[in-house]
Every structure is written in C-alpha cells, then in structure tokens.
Amino acid sequence: MPRYFFHLHCNDKAVLDPSGTELRDPDQAWEAARVTALDLMQTRPNAEVNWLTCHFEVADEAGEIVFELPFTEVVVTK
C-alpha cells in the first residue's frame with residue numbers, strides 16, 4: 001500500500017511529516033488531508049496562525065508532490 005506524507009505549510013513555516021500514512025490511493029489521501037485540515041481549524045481556532053493561509057503538500061514515498069490542498073478549499077460556508 002502506498003505511503004503519503006502530509007507536509008503542513010503556513011505562511012513561511014513548514015511542519016514536515018516524517019513518517020507518513022499508508023493509504024489506498026491519492027483520493028483517500030485527499031480525503032485524509034481534508035478531514036485533518038477541518039479538524040485543525042475546528043479544534044485550534046485560537047492558534048496563532050491564520051488557517052486560511054495554510055495548505056497541505058502531500059507527497060508520495062519518492063518525494064514527488066501528489067497534490068496540494070489549500071485550507072480555503074475545505075471551508076464549509078453556509
């Protein structure tokens with residue numbers, strides 16, 4: 001099963017995912033990134049970061065970027 005690495009980028013800082021997660025395919029990795037982004041924004045709303053400027057850079061085991069997911073794409077508007 002492929003391993004995906006979810007690197008969090010906010011402003012000029014990056015938090016790299018050193019261990020990654022085994023997932024079925026890029027679609028499952030996208031869903032995992034979406035859920036994690038929503039969770040961060042909901043559970044840490046007072047963090048000293050503007051979540052809407054953040055994105056996940058998801059890479060495969062070879063270090064190739066599979067996709068980027070801006071947090072603005074997962075915000076639910078009513």
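Let us look at the structure shown here. Per chain, residue numbering runs from 1 following the sequence as it is written. For this predicted model, a pLDDT threshold of at least 70 governs which residues receive local features, and a threshold of 80 or more governs which side-chain atom pairs are given and counted, while totals over whole chains, interfaces and linings are taken from all residues. Think of the side-chain values as coming from all heavy atoms in the structure, minus any hydrogens and water.

**Notes on the overall build of the protein chain**
- A run of H or I in DSSP counts as a helix once it spans at least four residues, and a run of E counts as a strand once it spans at least two, with each numbered from the N terminus. Helix and strand content of the protein chain: one helix and five strands.
- Along the protein chain, from the amino end to the carboxyl end, the secondary structure elements read β-β-β-α-β-β.
- Relative to its length of 78 residues, the protein chain is compact, with a C-alpha radius of gyration of 12 Å against a globular reference of 12 Å.
- Once the C-alpha set of the protein chain is aligned to its principal axes, its extents read approximately 35 × 30 × 15 Å. Our radius of gyration looks at C-alpha atoms and nothing else; its globule reference is 2.2 Å times the residue count to the power 0.38.

**Focus on helix 1 (residues 26-43)**
- By this rule the span expected of a helix is its residue count minus one, scaled by 1.5 Å. For helix 1, which comprises 18 residues, the first-to-last C-alpha distance of 25 Å matches the rise-based estimate of 26 Å (1.5 Å per residue) to within 8%.
- Exposure is judged per residue with a 1.4 Å probe applied to protein chains only, and the accessible area is read against the type maximum: over 50% gives exposed, under 20% gives buried, and values in between give partly exposed. Within the sequence span of helix 1, burial applies to Ala29, Ala33, Ala37, Leu38 and Met41.
- By the convention used here, residues are in contact when the closest approach between their heavy atoms is within 4.5 Å. The inward-facing, buried residues of helix 1 contact strand 1 (3-10), strand 4 (54-59) and strand 5 (65-70).

**A closer look at the side chain of aspartate 17**
- Mapped onto the elements, aspartate 17 comes out in the loop between strand 2 (13-15) and strand 3 (21-22).
- Here a polar contact means two N or O atoms within 3.5 Å. Within protein one must be a hydrogen donor candidate and the other an acceptor candidate, and residues neighboring in sequence count only if both atoms are side-chain atoms. Within the local environment of aspartate 17, its side chain forms a polar contact with the backbone nitrogen of serine 19, the two atoms lying 3.2 Å apart.
- A polar contact is formed between the side chain of aspartate 17 and the backbone nitrogen of glycine 20, at a distance of 2.9 Å.
- With residues up to four places along the chain from it excluded, the contact list for aspartate 17 reads Tyr4, Phe5, Phe6 and His7.

**Some thoughts on the pattern of salt bridges**
- Salt bridges, as used here, are contacts in which a Lys or Arg side-chain nitrogen is within 4 Å of a carboxyl oxygen on Asp or Glu. Inspection of the entire model under this criterion finds three salt bridges.
- One salt bridge in this structure joins arginine 34 and glutamate 31, with 2.6 Å as the shortest N-O distance. Of the two residues, arginine 34 and glutamate 31 are both situated in helix 1; the distance of three residues between them amounts to about one turn of the helix.

**Some details on the packing of aromatic side chains**
- Whether two aromatic rings pair depends on their centres lying within 6.5 Å, for rings of Phe, Tyr and Trp, where Trp uses its six-membered ring; planes under 30 degrees apart make the pair stacked, over 60 edge-to-face, and the rest tilted. Following the criterion strictly, the structure yields three aromatic pairs and no others.
- With a centroid separation of 6.3 Å and an interplanar angle of 90°, the aromatic rings of phenylalanine 6 and phenylalanine 56 are classed as edge-to-face. With phenylalanine 6 in strand 1 and phenylalanine 56 in strand 4, the pair connects residues that are 50 residues apart, well separated along the chain.
- Accessibility expressed as a relative area gives 13% for phenylalanine 6, which makes it buried.
- Ring geometry for tryptophan 51 and phenylalanine 71: centres 6.0 Å apart, planes at 15°, overall stacked.

**Considering the state of the cysteines**
- The rule for a disulfide is simple: a pair of cysteine sulfur atoms within 2.5 Å. Per the counting criterion, the structure on display carries one disulfide.
- A sulfur-sulfur distance of 2.0 Å marks the disulfide that ties cysteine 10 to cysteine 54. As the torsion about the S-S bond is roughly 120°, the cysteine 10-cysteine 54 disulfide counts as right-handed. Of this pair, cysteine 10 sits in strand 1 while cysteine 54 sits in strand 4, placing them 44 residues apart in sequence. We note that cysteine 10, like cysteine 54, is buried.

Keep in mind these numbers describe shape, not what the thing actually does.
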